[in-house]
Each structure stands twice: as C-alpha cells, then as structure tokens.
Amino acid sequence: TRMLLCLVAGVILGSLFINLFMDEIVKNNISTYSFERMLTGHLVLNSSELFVYLLRRRGVQFILVVIILLLFPAGVSRGLLLLTLGGILGAVVSMQVICSGAKGVLSFLLVIFPQAICYLGGIFYSLYTWKRKNHFGVLLVLFGSFLLGIVLESFVNGKLLNFFTF
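Throughout, residues of each chain are indexed from 1 in the direction in which the sequence is written. The predicted nature of this model means local features are confined to residues of pLDDT at least 70 and side-chain atom pairs, given and counted, to a pLDDT of 80 or more, with totals for whole chains, interfaces and linings taken over all residues. To get the side-chain values, take all heavy atoms of the structure and skip hydrogens and water.

**Re the overall build of the protein chain**
Worth spelling out the cut-off: Helix numbers and strand numbers start at the N terminus; a helix is a DSSP run of H or I with at least 4 residues, a strand a run of E with at least 2. Burial status follows relative accessibility: with a 1.4 Å probe on protein chains alone, a residue under 20% of its type maximum counts as buried, one over 50% as exposed, and anything between as partly exposed. Every residue pair with non-hydrogen atoms within 4.5 Å of one another is taken to be in contact.
Looking only at helices and strands, one finds 8 helices and 0 strands in the protein chain. Of the regular secondary structure in the protein chain, the N- to C-terminal order runs α-α-α-α-α-α-α-α. The burial tally for the protein chain puts 37% of its 166 residues in the buried class. For the protein chain, the share of sequence-separated contacts (at least 6 apart) that also reach a separation of at least 24 residues comes to 81%.

Below you can see the structure in the form of structure tokens.
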C-alpha cells in the first residue's frame, strides 16, 4: 500500500505541476506537446534510425534505474521510482488533456502501446525482486525488457500509429 501511495502521489504531483505552472506554456505550444497533432501530421520515421535514437534515450533511462537500484535500499528505490513514474504519467496525461481533451488521453495510450508494457514490466520486476534475487539476473531481465521495448517502439509502434490515425 505504501508503494501504491507513492505512485498516486507522483501522479497527483505531476498533474499539479503541469496545471499550476505549465498550463499556459502547454496551451501556447500545443503542436509541441500534443500527441494527437503528431499523429495527424503523419510523421514518417525510419525504424532503424529510430532504433538507434531510442537505444541512446532509453539507455540513459536504464542506467538511471540501475543507479537508483544500486544506491538505495530496496524500499527507498521502489518509492523513488514509483514516485517518478507516477509524476511522469500525471504530467503527460495532463498535457494531453490540456491539448486535446479526452481524445488526448486516447492518443497517449496509442503512443505508449506496446512498448510501455516491456519498460514497466522490467522496472516492476526489478523493484520487487531486487532484494530476494541475484542482482545480475535481475539486471539482465531489466536490460532485456528495455531492449524488447526499444524494438517494439521502433518497429511495431509506428505501424500501429499509422493504422489508428485520427
């Protein structure tokens, strides 16, 4: 229940941050922050170039998760990562609602599927098995889930987005 509280607190804080401090910036830059506009613009990306780009971006995120796992005790790591994930979720969903209303939430779900399942699955697995299992094995599962997520985001997600255009 403490972990769920960290996640919910993160969502609330992320949403409050966007609504209290970034509302006007988001409204004035809708084309930058709106997934719906990105989707209707029929953005064409080369999957191989996207893979290399995502490998760098998600690689940094992977390293940050590993650093948090290594530096803090298991309970603190869980709390920090869940608070961060909740904050990101709250902020992004709030931006999409500001930009596009309820349709923005649907756009958000389309943009994160199916790779988010891999990223979140790997993070949650590592959070809940870190104390009990072999650290090398947990890191290997986390790395594999990030790599699978990158492949899905590069090669599958674009095809799904093209299929579900608005």
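Anyway, onward from the coordinates.
**Structural notes on the nonpolar core**
Heads up, the rule is: Buried Ala, Val, Leu, Ile, Met, Phe, Trp, Tyr and Cys residues form a nonpolar core when they are joined through side-chain atoms within 4.5 Å.
Among the nonpolar cores identified, the biggest contains 17 residues, and Phe62, Val65, Leu69, Ile123, Leu127, Leu142 and Phe146 are the most heavily contacted of them. Listed by contribution, the elements that provide at least two residues to this core are helix 4 (47–71), helix 5 (74–100), helix 7 (115–129) and helix 8 (135–163). Among the elements that line this core, the one with the most residues is helix 4, at 6 residues. Phe62 has contacts with Leu139, Leu142, Phe143 and Phe146, leaving out every residue within four places of it along the chain.

**Describing the pattern of salt bridges**
Note the following rule: The term salt bridge refers to a side-chain nitrogen of Lys or Arg lying within 4 Å of a carboxyl oxygen of Asp or Glu.
Scanning the model with the defined rule gives 1 salt bridge in all. Close ionic contact of Arg58 with Glu153 constitutes a salt bridge, the shortest N to O distance being 2.7 Å. On the criterion of sequence distance, the pair formed by Arg58 in helix 4 and Glu153 in helix 8 is long-range, its members being 95 residues apart. The class for Arg58 is buried, based on a relative accessible area of 16%.

**Thoughts on the packing of aromatic side chains**
Applicable threshold: Working definition: rings of Phe, Tyr and Trp (its six-membered ring) pair if their centres are within 6.5 Å, and the pair is stacked with planes under 30 degrees apart, edge-to-face with planes over 60 apart, and tilted otherwise.
A full pass over the atoms with the stated rule returns 5 aromatic pairs. Plain terms: the ring middles of Phe62 and Phe143 are 5.7 Å apart, the flat faces sit at 70° to each other, and that makes the pair edge-to-face. Of this pair, Phe62 sits in helix 4 while Phe143 sits in helix 8; the two residues are 81 residues apart in sequence, bridging distant segments of the chain. Relative accessible area serves as the criterion here: at 43%, Phe143 is assigned to the partly exposed category.

**Overview of the packing of helix 1 (residues 2–28) against helix 5**
Here is the rule: Between N-to-C directions, angles span 0 to 180 degrees; the directions come from axes that are lines fitted to C-alpha atoms, helices contributing only their stretch in contact. Each crossing gets its hand from how the near helix is turned against the far one by less than a right angle, where anticlockwise is left-handed and clockwise is right-handed. Three classes are used, and their members are as follows: Ala, Val, Leu, Ile, Met, Phe, Trp, Tyr, Cys and Pro are nonpolar, Asp, Glu, Lys and Arg are charged, and the others, Gly among them, are polar.
For the pair helix 1 and helix 5, the least separation of the axes is 6 Å and the interaxial angle reads 35°. Here helix 1 runs over helix 5; the crossing is right-handed. Residues that form the contact of helix 1 with helix 5 fall into these classes: 16 nonpolar, 10 polar and 3 charged.

**Section: the confidence of the model for the protein chain**
A low pLDDT means the predicted coordinates there should not be read in detail. For clarity, the cut-off: A score from 0 to 100, pLDDT tells how confident the predictor is in each residue.
Per-residue confidence for the protein chain gives a mean pLDDT of 84, with 88% of residues at or over 70. Averaged pLDDT values for the elements of the protein chain fall to 58 in helix 3 (residues 35–40) and rise to 91 in helix 7.

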